[in-house]
Amino acid sequence: MSGRARGGSTRRVFGRRLIRLVFGDRRSPEISGTDRVDRADRADRLTRTDRVWPDPRHAGDDRAIAAAVVDSLTDVRFTAAMRDRVRAATTHRESVRDRLSPVFGGLAAAAVLVVVVNVGIVGLGGKTVHASSATTRREFAGDSMPPLIPTAGSLPGAAVVYNQEVHE
Amino acid sequence: MMESQTNDERWDTVERWMRRHGDSVVRTIYLLTYDFALSEELAQEVFIRAYEKLHLFRGNASEATWLYRIAVNLTRNRFRRRNREVAVEDGFFDRLPAWDRAASPEDALAEADRRRAVLAAVAELPPALREVVTMYYLNELSLDETAHTLRLPRGTVKSRLHRARERMRTALEGAV
């Protein structure tokens, strides 16, 4: 875990940079050594900020303005009640997950079974068709006649007619 | 990635993060939404997600950056789903705390005006610029951390910061 080392209070951290942006930086160049921002980045930012926001009216009262903005947001907090709700929600979701996991497990197993059975059926059917096609090709190759259907007598309609035509 | 933890261990971690980063997370969302109720709801959701996805957390990024990223994603999703723009709540500025360190009532009024001006200027920014301003200035992330959190190239972050500064300067001229 790489927690960030911060200098000063959360309140100061929260608004300092925004105020520096808006009202310009009139502080001394010294910035907390615990700030993780690298020196080049920081120097670049201060230079740009001063260039963009050179309003001299605010010289000297940056800190007061920064505190004002921080104060304006002090009532936006992550409260203990919110922590409790997070705790309750995570507990609830865990229990739901625990209850439903056997159901999902069963459904998944059933789905796998269905897939396996279907693949088996299709595979078997494919082989049968292939074999009969080969037989047909072999019989045609022999006497140039279409194959007779031995069980045609027990079949209705077209197959019987076909067999009779072949015999004729 | 975090090694597999028991539920209690995960909760201990998330609870520690809530104490350490809860305020900044809810304020981040607040500045993206300008909606107290929504920011509270989404901040809670951030930590619920963190609890559920803790095994995906890599130690090479700071936990704060990871939480901010979750917060930004949740906020983006919420606004995409609602298809709405951020609007400052009615009466928001009236609910700002009083400036109790002012030397006089006149100073208090002046400070209140400044606060309103700053927050209104941020609220006027389009979401893409407001995200960058929030991460870079409020949360004090570096350019690279901001880029990482928002999944943007570093150059895009810089250009958006520049545009945000220009807009805020224009908005605040004469107001403060």
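Computed from a predicted structure; not experimentally measured.

Chemist: Hey, could you go over the overall build of chain B for me, with residue numbers and the actual values?
Modeler: Tallying secondary structure elements over chain B gives 7 helices and 0 strands in all. Traced from its N-terminal end to its C-terminal end, chain B shows the element sequence α-α-α-α-α-α-α. Counting all 176 residues of chain B, 55% fall into the buried class. Here the analysis covers contacts within chain B between residues at least 6 apart in sequence; of these, 67% occur between residues at least 24 apart.

Chemist: Break down the packing of aromatic side chains for me, citing the residues and quoting the values.
Modeler: All names here are of chain B. Within the structure shown, the criterion is met by 7 aromatic pairs over all chains. Taking the centre distance of 5.2 Å and the plane angle of 70° together, the rings of Trp17 and Phe57 count as edge-to-face. Of this pair, Trp17 sits in helix α1 (residues 7–33) while Phe57 is found in the loop between α2 (36–52) and α3 (63–82), placing the two residues 40 residues apart along the sequence. A network of ring pairs unites the aromatic residues Trp17, Phe57 and Trp66 as a single cluster. Note that Arg10 overlies the ring of Tyr51, its terminal NZ or CZ placed 4.2 Å from the centroid.

Chemist: Account for α1(B), with residues named and values stated.
Modeler: Working note: α-helix, 3.6 residues per turn, so residues spaced by three or four point in the same direction. All names here are of chain B. The terminal C-alpha atoms of α1, which comprises 27 residues, lie only 32 Å apart, well short of the 39 Å expected from a rise of 1.5 Å per residue. At His21, α1 shows its strongest bend, of approximately 65°. Most of α1 is tucked away, with 19 of its 27 residues classed as buried. Backbone geometry just after α1 places Tyr34 at a positive phi near 55°.

Chemist: Any chance you could break down the packing of helix α5 (residues 127–138) of chain B against helix α7 (residues 154–172) of chain B for me, citing the residues and the numbers?
Modeler: All names here are of chain B. At their nearest, the axes of α5 and α7 sit 9 Å apart, and the two run at 100° to each other. Relative to α7, α5 is oriented roughly perpendicular. Residues Ala128, Leu129, Val132, Val133, Tyr136 and Tyr137 of α5 form the contact with α7, whose participating residues are Val157, Arg160, Leu161, Arg163, Ala164, Arg165 and Arg167. Residue composition of the contact of α5 with α7, by class: 9 nonpolar, no polar and 4 charged.

Chemist: Break down the nonpolar core for me, citing the residues and quoting the values.
Modeler: The nonpolar side chains of a soluble globular protein tend to be buried with one another. Core analysis: the biggest nonpolar cluster contains 59 residues, and A:Phe78, B:Trp17, B:Val25, B:Val46, B:Phe47, B:Trp66 and B:Leu67 have the highest contact counts within it. The biggest single contributor to this core is α1(B), with 10 residues. Those residues in contact with B:Val46, other than ones at most four positions away along the chain, are B:Val25, B:Ile29, B:Leu67, B:Ile70, B:Ala71 and B:Leu74.

Chemist: Lay out the pattern of salt bridges in plain terms, naming residues and giving numbers.
Modeler: Residue and element names in this part refer to chain B. Within this structure, the stated rule accounts for 12 salt bridges over all chains. A salt bridge links Glu45 to Arg49; its shortest N-O distance comes to 3.4 Å. One end of the pair, Glu45, and the other, Arg49, are both in helix α2, 4 residues apart, so they sit about a helical turn from each other. When its relative accessible area of 18% is taken as the criterion, Glu45 is described as buried. Assessed through its relative accessible area of 33%, Arg49 is described here as partly exposed. A salt bridge links Asp144 to Arg154; its shortest N-O distance comes to 2.8 Å. Taken together, the residues span a long stretch of sequence, with Asp144 in helix α6 (residues 143–150) and Arg154 in helix α7 at a distance of 10 residues.

Cut-off values and rules
- Residues numbered from 1 in each chain as written.
- Chains lettered and ligands numbered in written order.
- Predicted model: local features only at pLDDT ≥ 70, side-chain atom pairs only at ≥ 80, totals over all residues.
- Heavy atoms only, no water.
- Helix = DSSP H or I, 4+ residues; strand = E, 2+ residues; numbered from the N terminus.
- Buried < 20%, exposed > 50% of the residue type's maximum accessible area, 1.4 Å probe, protein only.
- Contact = heavy atoms within 4.5 Å.
- Phe/Tyr/Trp six-rings, centres within 6.5 Å; stacked < 30°, edge-to-face > 60°.
- Lys NZ or Arg CZ within 6 Å of the ring centre and 35° of its normal.
- Expected span 1.5 Å × (residues − 1).
- Bend = angle between axes of the 7 residues up to and from the residue.
- Axes fitted to C-alpha atoms, helices over the stretch in contact; angles between N-to-C directions.
- Parallel < 35°, antiparallel > 145°, perpendicular 65-115°, else oblique.
- Nonpolar A, V, L, I, M, F, W, Y, C, P; charged D, E, K, R; others polar.
- Core = buried A, V, L, I, M, F, W, Y, C linked by side-chain atoms within 4.5 Å.
- Salt bridge = Lys/Arg side-chain N within 4 Å of Asp/Glu carboxyl O.

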